[in-house]
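# An overview of the molecular structure
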Amino acid sequence: MDTQIWMTGFLLGLIPLLKWVLRSFNHWWYCYPHFKSNTGGQLPPGDMGWPIVGELLSFLWYFKFTGKPDDFIWKRFAKYGNTGIYRTHMFSFPAIITCSPEFNKFVMGRGTEDGSFVAGWPCPKLLGEQSITMVEGEQHKRMRRSLLEAVNSPKSLQNIFIKLQPVFKETFENWAVKGEIHTADELKSLAFGNICSLFLSFERSPMVESMEKMYRGLLSGLRAHPINIPGSAFHFALKCRRRLSAIVCSEIHSRKVNKENMMADFLSNLMDLVDFNGKKLNEEEIVDNLTSMLLAGYESTASSMIWAIYYLSKYPNVLSKLKEENFTIKKEKGEDKFLNYNDVKKMTYTLKVVDEVIRLANVANFMFRTVSKDTKFKGYKFPKGWKVIVWLRSLHVDPQYFKDPLTFNPDRWDEFNLSSGVYNVFGHGSRQCPGNNLAKMQLLIFLHQICVDYKWHLVNPNEATKFLPNPRLANGAKIIFSHV
Ligand code: HEM
């Protein structure tokens, strides 16, 4: 009997001990060497979670189950103080989370430019060795300049207006005939078609539809574990990537053989481009970057358009101001005339709606870097080999910076100081999104076309939101759509 009591007591005592050992394991394994080293700087406050999974369960709890993703960060504020920097273990890595304007700016700005932080989620097999998202230093600068020149030249920006307006018009006319629209499905296809038209001059066809499926496969592979066995998402993504590269290569060859095939599009711009060393981009550079731009530009833009439809349904006062501005512009131009790039300056309220949609939608929750050398900033240490997770979304919904942050209020932009480092929807510094103008112009055209001649309402105004992998409406925002 005595032995039984003794054993039970021993086992009961063992449970908290085991818990303590498991809860301390990551802390000792990852942090202890940094407490001892005298390279300067202290690790930020935080919790390394459990062995292997780290804090992933807590992350999933807030992002998947409670539907309050920002509580993940607010909980850290409450526990460790508003330092704007915390340590954690997530997605299989020890990591530093940054979530204040100065730390975010440092990581995306100076720290990235001087090479202390490099690309965070390298996957050269899927994105290509020469992709802008993979390359570093001088090579990255060269690629970035080339892409910006190809996408943001006045000719390219004008081209967006010429090519996309008839497409939006035709799409909305079809929607009005159909009546009930699954916005997520429709807008993803539309955004993919648009980007194929702008980049490759491919118009809607069965080939473009199959390319869209391949891109979805590629995206799933990027989000999956990189295990290359038949049946895995990664294996399928590699197949998709090979097929997509083959399509782009064959288009390049056809344009090289017959100059008449050169079109007014992004691919031709890239093929013609001569960099600052007088060199043309090689075929691998063109294929890898075209594939990456298509991938980065398609879902993000579609998602912003879906959220725009949703917020405008929920805020009729905003919609009516938007209509007013766009009616006036349309009347001045004449009924059948489309917008051109010079009209953008007249669209002051529409531009604020665009900024507000992108802020509140938080299409990119966060972004990643890898620490390439021990780095210190403001007394805190970023250890070599750890990840940095720049928590973009938390600043965009912080009441300290945005009054009533969850309210959709484009007028807030009248007073907002854009250089405060708070609004980083497109990132910041040398890796800032090179497609930001393209995304904004598409949204402007979309809003202009949809708000003047059509009306819609949500089938389910209380539709739930899912936050992973990116914020989206759970059932794709069905609407009933018609002419005004
Ligand atoms: C609303 C739409 C969009 C949002 C919110 C968005 C957001 C972002 C963010 C936050 C980054 C920074 C990533 C980092 O620092 O690591 C980024 C990078 C990038 N974006 Fe976008 N983006 C959008 C649309 C587009 C479009 C339309 C394109 C191209 C057609 C594009 C192409 C890229 C590329 C290639 C990069 C990598 C840049 C580099 O590594 O140097 N994005 N985007």
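Up top is the structure.
In this report, the structure presented in the accompanying data block is examined. (Residues numbered from 1 in each chain as written. Predicted model: local features only at pLDDT ≥ 70, side-chain atom pairs only at ≥ 80, totals over all residues. Heavy atoms only, no water.)

On a plain count of helices and strands, the protein comes out with 17 helices and 12 strands. The C-alpha atoms of the protein give 25 Å as radius of gyration, which agrees with the globular expectation for 484 residues (23 Å, within 12%). Based on the C-alpha atoms only, the size of the protein along its principal axes is roughly 95 × 55 × 45 Å. The buried share of the protein, taken over its 484 residues, is 52%. Of all intrachain contacts in the protein linking residues separated by at least 6 positions in sequence, the fraction that spans at least 24 positions is 71%. Carbon and sulfur atoms provide 58% of the accessible area of the protein, an area that totals close to 22,700 Å². On the protein, the mean spot of the 61 positive side-chain charges and the mean spot of the 46 negative ones are 5 Å from each other. (Helix = DSSP H or I, 4+ residues; strand = E, 2+ residues; numbered from the N terminus. Rg over C-alpha atoms; globule rule 2.2 N^0.38 Å. Buried < 20%, exposed > 50% of the residue type's maximum accessible area, 1.4 Å probe, protein only. Contact = heavy atoms within 4.5 Å. Areas by Shrake-Rupley, 256 points an atom, 1.4 Å probe, with all protein chains shown as cover. Lys, Arg positive; Asp, Glu negative; His and termini not counted. Charge placed at Lys NZ, Arg CZ, Asp CG, Glu CD.)

Quick look at the coordination of the iron atom of the ligand now. For the iron atom of the ligand, the sole protein-derived donor is Cys433 (SG), lying 2.3 Å away. Mapping cysteine 433 onto the fold places it in the loop between α16 (392–396) and α17 (436–453). (Donors = N, O, S within 2.8 Å, 3.2 Å for Na, K, Ca; no water.)

As a further point, take the sheet that holds strand β12 (residues 478–483). The three strands lie next to each other as β4-β12-β9, forming an open sheet whose pairing is antiparallel. Taken across any chain shown, the strands that pair with only one partner, and hence form the sheet edges, are β4 (180–182) and β9 (454–458). Averaged over all pairs of adjacent strands, the angle between strand axes in this sheet comes to 35°, irrespective of strand direction. In this structure, β4 lies alongside β12, joined through three bridges in antiparallel fashion. Across the sheet, residue histidine 182 finds its bridge partner in β12, namely lysine 478. Where helix α8 (residues 154–178) meets the sheet, its contacts fall on β4, β9 and β12, and the angle it forms with β12 comes to roughly 100°. Set on the sheet, helix α13 (residues 283–314) makes contact with β9 and β12; between it and β9 the angle comes to about 85°. (Pairing = 2+ DSSP bridges. Axes fitted to C-alpha atoms, helices over the stretch in contact; angles between N-to-C directions.)

If you check the shell around the ligand, you find 23 residues, and the closest are His140, Ser304, Arg369, Arg431 and Cys433. Within the side chain of histidine 140, an N or O atom sits 2.7 Å from an oxygen atom of the ligand. Side-chain polar atom of arginine 431 to an oxygen atom of the ligand: 2.8 Å apart, as the coordinates give it. Top element by residues in the shell around the ligand is α13. It accounts for six residues. Residues that form the shell around the ligand fall into these classes: 13 nonpolar, eight polar and two charged. (Near = heavy atom within 4 Å. Polar contact = N/O pair within 3.5 Å; in protein donor to acceptor, adjacent residues only side chain to side chain. Nonpolar A, V, L, I, M, F, W, Y, C, P; charged D, E, K, R; others polar.)

Attention now moves to the packing of aromatic side chains. Counted by the stated rule, this structure contains 44 aromatic pairs. Between phenylalanine 117 and phenylalanine 382, the ring centres sit 5.2 Å apart and the planes meet at 65°, which makes this aromatic pair edge-to-face. With phenylalanine 117 in strand β3 (residues 117–119) and phenylalanine 382 in strand β7 (residues 380–382), this pair connects stretches of sequence that are 265 residues apart. Neither residue differs from the other here; phenylalanine 117 and phenylalanine 382 are each classed as buried. Ring centres of tryptophan 307 and tyrosine 310 lie 5.5 Å apart, and the angle between their planes is 90°; on these two criteria the pair is classed as edge-to-face. Here tryptophan 307 and its partner tyrosine 310 are both found in helix α13, three residues apart, which amounts to about one turn of the helix. (Phe/Tyr/Trp six-rings, centres within 6.5 Å; stacked < 30°, edge-to-face > 60°.)

Judged by side-chain polarity, Trp6, Met7, Phe10, Leu11, Leu14, Leu17, Trp20 and Val21 come together as a nonpolar surface patch covering roughly 830 Å² of accessible area. Its location among the elements puts tryptophan 20 in helix α1 (residues 2–36). (Patch = residues over 30% accessible without salt bridge, like charges linked within 9 Å, V, L, I, M, F, W, Y side chains within 5 Å. Salt bridge = Lys/Arg side-chain N within 4 Å of Asp/Glu carboxyl O.)

One open sheet holds the five strands; their spatial order is β1-β2-β8-β5-β3, and the pairing between them is mixed. Each edge of the open sheet is held by one strand with a lone partner, namely β1 (85–90) and β3. Mean inter-strand twist for the sheet, computed between neighbouring axes without regard to direction, equals 35°. Where β1 meets strand β2 (residues 93–98), six bridges bridge the pair, whose relative direction is antiparallel. Counted as the bridge partner of tyrosine 86 is isoleucine 97 from β2.

We now examine the side chain of lysine 381. On the secondary structure map, lysine 381 appears in strand β7. We note that lysine 381 is buried and unpaired, the nearest opposite charge coming from aspartate 374 at a distance of 4.2 Å.

Our next topic: the pattern of salt bridges. Tallied over the entire structure, the rule returns 26 salt bridges. Lysine 321 is the salt-bridge partner of aspartate 411, the closest N and O atoms lying 2.8 Å from each other. Linking aspartate 411 in the loop between α16 and α17 with lysine 321 in helix α14 (residues 316–333), this pair joins segments that are 90 residues apart in sequence. Using a relative accessible area of 28% as the deciding quantity, one classes aspartate 411 as partly exposed. The network of salt bridges with shared partners includes Lys321, Lys352, Asp411 and Asp414.

A word on the environment of aspartate 398. Positionally, aspartate 398 belongs in the loop between α16 and α17. On a C-alpha basis, the gap between aspartate 398 and aspartate 70 in space is 9.1 Å, while along the polypeptide they are 328 residues apart. Excluding residues within four positions of it along the chain, aspartate 398 makes contact with Trp74, Phe77 and Pro405. For aspartate 398, the side chain forms a polar contact with the main-chain nitrogen of glutamine 400, separated by 2.9 Å.

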